[in-house]
Amino acid sequence: MEKQRALLAAVAAASLLLSASPAGHAAPAGKTAESQSAPTVLTKGLLSPLHLSDGPDGSVLVSEEFAGKLTKIARDGSKSMVYRNAAWDVAGTDRGGRTIYLAESQGAGPMDPRPLAGHIRSIGADGKHRTFGDLAALEVKHNADGGTSYGFKDLPAACVAKLPKDVEASYKGHIDSHPYGIEVYGNTIYVADAGANSIVSVDVRSGKAETVAVLPPRPHTFTTKETVSLKLPGCVAGHTYRFEPVPTDVERGPDGWLYVSVLPGGPEDPALGARGAVYKVNPHNGRIKLFADDVMSPTGLDMDDDGNVYVASLFGKGVLRLSAHSSKQTVVLPGALTADVDIRGGTIYATVNSLPAPNAAPDGRVVKAPLDD
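Just so you know, the residues in each chain are numbered from 1, in the order the chain's sequence is written. Totals for whole chains, interfaces and linings use every residue, but because this is a predicted model, local features are given only for residues with pLDDT of at least 70 and side-chain atom pairs only at 80 or more, for both listing and counting. Processing note: side-chain calculations cover all non-hydrogen atoms of the structure and skip hydrogens and water entirely.

## A look at the nonpolar core
Working step 1: Within the largest apolar cluster, 15 residues are counted, with the highest numbers of intra-cluster contacts made by Y101, I120, I189, V191 and V202.
Working step 2: Contacts between residues were defined by any pair of non-hydrogen atoms, one from each residue, lying within 4.5 Å. Those residues within four positions of I120 in sequence are excluded, and the remaining contacts are Y101, L102, A103, R130, T131, F132, G133, L135, I182, I189, V191 and V202.
Working step 3: Throughout, nonpolar core names a set of buried Ala, Val, Leu, Ile, Met, Phe, Trp, Tyr and Cys residues whose side chains join them through atoms within 4.5 Å. Type-normalised accessible area, obtained with a 1.4 Å probe on protein chains alone, sets the label of each residue: buried when under 20%, exposed when over 50%, and partly exposed for intermediate values. Formed by 14 residues, the second largest nonpolar core is a distinct cluster that contains F152, L155, L163 and L272.

Right, dumping it as structure tokens:
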């Protein structure tokens, strides 16, 4: 239940990867239907392809985050290196005209000795690089969720004393930054900062970064069965824990709002059920609305012109379509460990097998399929 920066803590738990077979993960009853045929594999052998976006000339751009690498996959499946820096986590990407933008981060967390750092990098058509938008400095200065309360609100002291050492009974938001997904719109880059639990805007011209909105906590009331499976003291049953929201991707919708996929913090596999969500954020005033709840591990999203949201469900059954007009969830592209999705015309692209299994060669893949109505 400790703070989780997007997928990193989940990846570190090798046993979690072995138990993450999507075939065994049921979605909320009555909410999910299935459609779509088997996808075509564009390329394979990728290490942690956690992010996907449109590339030039019909290609796709794939961030192999833990390798610090951005790769272009051409229409014929051939691969070419766009950027590599093993000292950084290379995260979400997007394009503005002929310029490629990507988020980079490093540091934060007790297991990472590096200083907290994060920014936006641009790569122009002429090959020139520029870094701007100091996201870590923004978080250090303002601590976006520093006034937000997480954890238990009224857990008796005797029960608090029985909690595992790595479980904070109650606390305010910590200083942390991990820019994960981005969206380019005009001269603004919107960033889903999975560490700061916020959406940040970065001005391309000035490089100035500002907090747009802080996502709300994700409350969960524990059952007795859950306390047993998570090895928590039984006295926790019936009490509500306010987990941190972990924004993983952001997309500007046809209605002008920002759509944000959010992991639930804490156990991000199905241990506590489908607890992820998609929120709508007004980019002008930071107002937040819930668009869809009970979404299994949403780690990437895209939208079509009708306002339907497509979510990559990492520990679910593949890519889900969330209807613009109802709570219906439909599997439109089945896959295991699906980390991101990109919609282009009548084609849906996704990254699958995105987390490496222990003691196995990387086999992350980019797949595509026709987008059925």
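## What about the layout of surface pockets?
Working step 1: Detection works on a 1 Å grid of protein atoms alone, calling trapped sets that fit a 1.4 Å probe cavities and calling open sets with protein on both sides within 12 Å along at least five of seven lines pockets, with lining residues defined by an atom within 4 Å of a point. Grid points are joined across faces, edges and corners, and a volume is the space filled by probe spheres set on the points. Here the second largest pocket is characterised by a volume of approximately 310 Å³.
Working step 2: Residue lining of the second largest pocket: 21 residues in total, with S53, D94, E183, E251 and D342 positioned closest to the centre.
Working step 3: Note on residue classes: Ala, Val, Leu, Ile, Met, Phe, Trp, Tyr, Cys and Pro are nonpolar, Asp, Glu, Lys and Arg are charged, and everything else, Gly too, is polar. Residue composition of the lining of the second largest pocket, grouped by class: seven nonpolar, five polar and nine charged.

## Quick word on the state of the cysteines
Working step 1: Here, a disulfide means two cysteine sulfur atoms that sit within 2.5 Å of each other. Inspection of every chain in the model, using the stated rule, returns one disulfide.
Working step 2: Between the sulfur of C159 and that of C235 lies a disulfide, 2.0 Å long from S to S. Judged by the sign of its S-S torsion, about 90 degrees, the bond between C159 and C235 is right-handed. Here C159, found in helix 4 (residues 157-160), pairs with C235, found in the loop between helix 5 (224-229) and strand 18 (240-243); they are 76 residues apart in sequence, far enough to count as distant. The way it works is that DSSP assigns letters per residue, a run of H or I at least four long becomes a helix, a run of E at least two long becomes a strand, and they are numbered from the N terminus.

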